[in-house]
Amino acid sequence: MNTSLCKYVLSIDIIICFVILIMYTFYKYYVQPGAILFRLIHNTSSINTRKNISTNKRLSILKSMYYDVMEVSDQYNIPICLLYGTLLGKVRENDLICYDYDIDMGVSKYHYNALKNAFTERYDNDPIYRLNIYSFCANQIVLIHRETGLNLDMSCLDYDDKHVWRDVPSLYSTLVLKECSHKLPKEWMFPFRPVMFLGRGTYIPNKPDKILQCYYLDYEKPSKVCNESCTICENN
């Protein structure tokens, strides 16, 4: 290979590296923060709307949504597990937390596309629920109750040989959700453990205590109260 050709190839490599660097910088410092800001504004507005729903009605709708999604899971033999506040409710109270406004669940990346297709088949043009599927900056399925805006979030759990993480921007995990780390030890999540919750079989992470400590630190003591008087809040 002559000298001029080597210089040409080297120049092309430098340009490619420079373009990749620009794309990464744009994603990390503009796209990720933009997606996070959109999610924050949307969540704040949505939560304020959902606070106007009575506790009994809210919990009834969330439970119906959980049962409906578990039917899809059973029908297609796709294991899904409880996460975040729903996992906290299972471990701490064996019920939904009275002040929660959504259901949080997760599915491994191995089953994510199958579940996405199953949800699309089940909920496309559904009169009760609206289905949102996100693929920009995150892979997530959101099922929304049309009347009230109450929702079920289904996260895609990505993983490698050692770690597992939600397929969302890392800044969102650590800065907004204030998790201890974006990536967690894989053995904390897998294999899923079968449990009964609200009268239905489902799954929880392999080491739920480790997961909850990362999510909430001192997770055993409730930190909020619901928008109406209830026995759980009065006793804490």
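Above this text sits the structure in question.
Predicted, not measured: the structure shown is a model, and the values here were computed from it.

(A) The arrangement of the environment of Trp188 in detail. Tracing the sequence through the fold places Trp188 in helix α6 (residues 186–189). Through-space distance from the C-alpha of Trp188 to that of Lys210 is 6.6 Å; in sequence the pair is 22 residues apart. Those residues in contact with Trp188 that sit more than four places away from it in its chain are Pro205, Asn206, Lys207, Lys210, Ile211 and Cys214.

(B) Quick look at the pairing of strand β4 (residues 140–145). Buried residues dominate β4, accounting for six of its six residues. Every second residue of β4 is oriented toward a common face, with Gln140, Val142 and Ile144 on one face and Ile141, Leu143 and His145 on the other, all of them buried. Of the strand pairs in this sheet, strand β3 (residues 129–134) and β4 are connected by six bridges, and their pairing is antiparallel. Counterpart to Tyr129 in the pairing with β4 is His145. Remark: five residues form the turn of the hairpin made by β3 and β4, two consecutive strands paired antiparallel; Cys137 in that turn has positive phi of roughly 70°. Pairing between β4 and strand β5 (residues 151–159): five bridges, direction antiparallel. For Leu143, the partnering residue across the bridge sits in β5 and is Leu152. Connecting the antiparallel pair β4 and β5 is a turn made up of five residues, with Gly149 showing a positive phi of about 85°.

Definitions and limits used
- Residues numbered from 1 in each chain as written.
- Predicted model: local features only at pLDDT ≥ 70, side-chain atom pairs only at ≥ 80, totals over all residues.
- Heavy atoms only, no water.
- Helix = DSSP H or I, 4+ residues; strand = E, 2+ residues; numbered from the N terminus.
- Contact = heavy atoms within 4.5 Å.
- Buried < 20%, exposed > 50% of the residue type's maximum accessible area, 1.4 Å probe, protein only.
- Pairing = 2+ DSSP bridges.

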